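Reading the structure
One-letter residues, chain by chain:
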Amino acid sequence: MHKLIELINDLESRIQEAELINETVSGSSVGWHIEHALLSINFIIDELKNSNPEDYIRNFSLPRILVFTMNKIPRGRGKAPEIVQPKNNITADALKKQLKTASGKIKELEFLKPENYIKHPYFGDLNLKLTKKFLLIHTRHHIDIIKDIIKTKKQVISDK
């Protein structure tokens, strides 16, 4: 999961801009997107670890096929489950703690069975391989939003 570690490092590099927000890109701040991506990684890996591989059911999902083929989540289409929505005042220290937790959990992926799975609200059951792919797509999705927030804010500042 070297690619996911790289994405975690990318998130970490943007913590200093956590308070930036641009309503034309997203109603949430850079910090919200960082924390949401990290909460998702941590929650999903816990769900994988706690799953019973014998209960995994392979299923057909057109939305999953589309997202996984395009390697992209369309913006504004889904809503994050409550469990992975940041709740409190987002601080740099809290984000760094989440980053450290995520880095440790990512390393645990190599010890799971291929049939460990999560129940995704839009895509159904995702086995280990599909979950890893989802984590990459989802994290990139939020990094792209973060980049757009930062880019448009810097353009506004330079235009003044």
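In what follows, the structure referred to is the one given above.
Residues numbered from 1 in each chain as written. Predicted model: local features only at pLDDT ≥ 70, side-chain atom pairs only at ≥ 80, totals over all residues. Heavy atoms only, no water.

Focus: the overall build of the protein chain
Along its length, the protein chain carries five helices and two strands. For the protein chain, the N- to C-terminal ordering of α and β elements is α-α-α-α-β-β-α. Projected onto its principal axes, the C-alpha coordinates of the protein chain cover approximately 60 × 35 × 25 Å. Counting every position in the protein chain, which comprises 160 residues, the buried fraction comes to 44%. Put simply, of all contacts in the protein chain between residues at least 6 apart along the chain, 82% involve residues at least 24 apart. On the protein chain, roughly 9,500 Å² of surface is accessible, and the fraction owed to carbon and sulfur atoms is 53%. (Helix = DSSP H or I, 4+ residues; strand = E, 2+ residues; numbered from the N terminus. Buried < 20%, exposed > 50% of the residue type's maximum accessible area, 1.4 Å probe, protein only. Contact = heavy atoms within 4.5 Å. Areas by Shrake-Rupley, 256 points an atom, 1.4 Å probe, with all protein chains shown as cover.)

A closer look at the pattern of salt bridges
All told, the structure shown has nine salt bridges when counted by the stated rule. The shortest N-O distance in the salt bridge between Asp 148 and Arg 75 comes to 2.8 Å. Of this pair, Asp 148 sits in helix 5 (residues 128-159) while Arg 75 sits in the loop between helix 3 (62-70) and helix 4 (92-108), and the two are 73 residues apart along the sequence. Judged by its relative accessible area of 39%, Arg 75 falls in the partly exposed class. In this structure, the salt-bridge partner of Glu 82 is Lys 87, at a minimum N-O distance of 3.9 Å. Classification of Glu 82 as exposed rests on a relative accessible area of 55%. (Salt bridge = Lys/Arg side-chain N within 4 Å of Asp/Glu carboxyl O.)

Focus on the packing of aromatic side chains
Summed over all chains, the structure comprises three aromatic pairs. Their ring planes at 55 degrees and their centres at 5.8 Å tell us that Tyr 56 and Tyr 117 sit as a pair that is tilted. Residue Tyr 56 is found in the loop between helix 2 (30-50) and helix 3, and its partner Tyr 117 is found in strand 1 (residues 117-120); the two are separated by 61 residues along the sequence. Tyr 56 sits in the buried class, given a relative accessible area of 19%. Taking 5.9 Å as the distance between ring centres and 75 degrees as the angle between the ring planes, the aromatic pair formed by Phe 123 and Phe 134 counts as edge-to-face. Linking Phe 123 in the loop between strand 1 and strand 2 (124-127) with Phe 134 in helix 5, this pair joins segments that are eleven residues apart in sequence. Taken together, Phe 68, Phe 123 and Phe 134 form an aromatic cluster joined through their ring pairs. (Phe/Tyr/Trp six-rings, centres within 6.5 Å; stacked < 30°, edge-to-face > 60°.)

Considering the nonpolar core
Core analysis: the largest hydrophobic core is formed by 36 residues, its most contacted members being Leu 11, Ile 34 and Ile 41. Listed by contribution, the elements that provide at least two residues to this core are helix 1 (2-13), helix 2, helix 3, helix 4 and helix 5. Take this core: its biggest share by element is ten residues, from helix 5. Setting aside anything within four residues of it in sequence, one finds Ile 34 in contact with Leu 11, Arg 14, Ile 15, Leu 95 and Ile 146. (Core = buried A, V, L, I, M, F, W, Y, C linked by side-chain atoms within 4.5 Å.)

Scope: geometric values only; no functional claims are made or implied.
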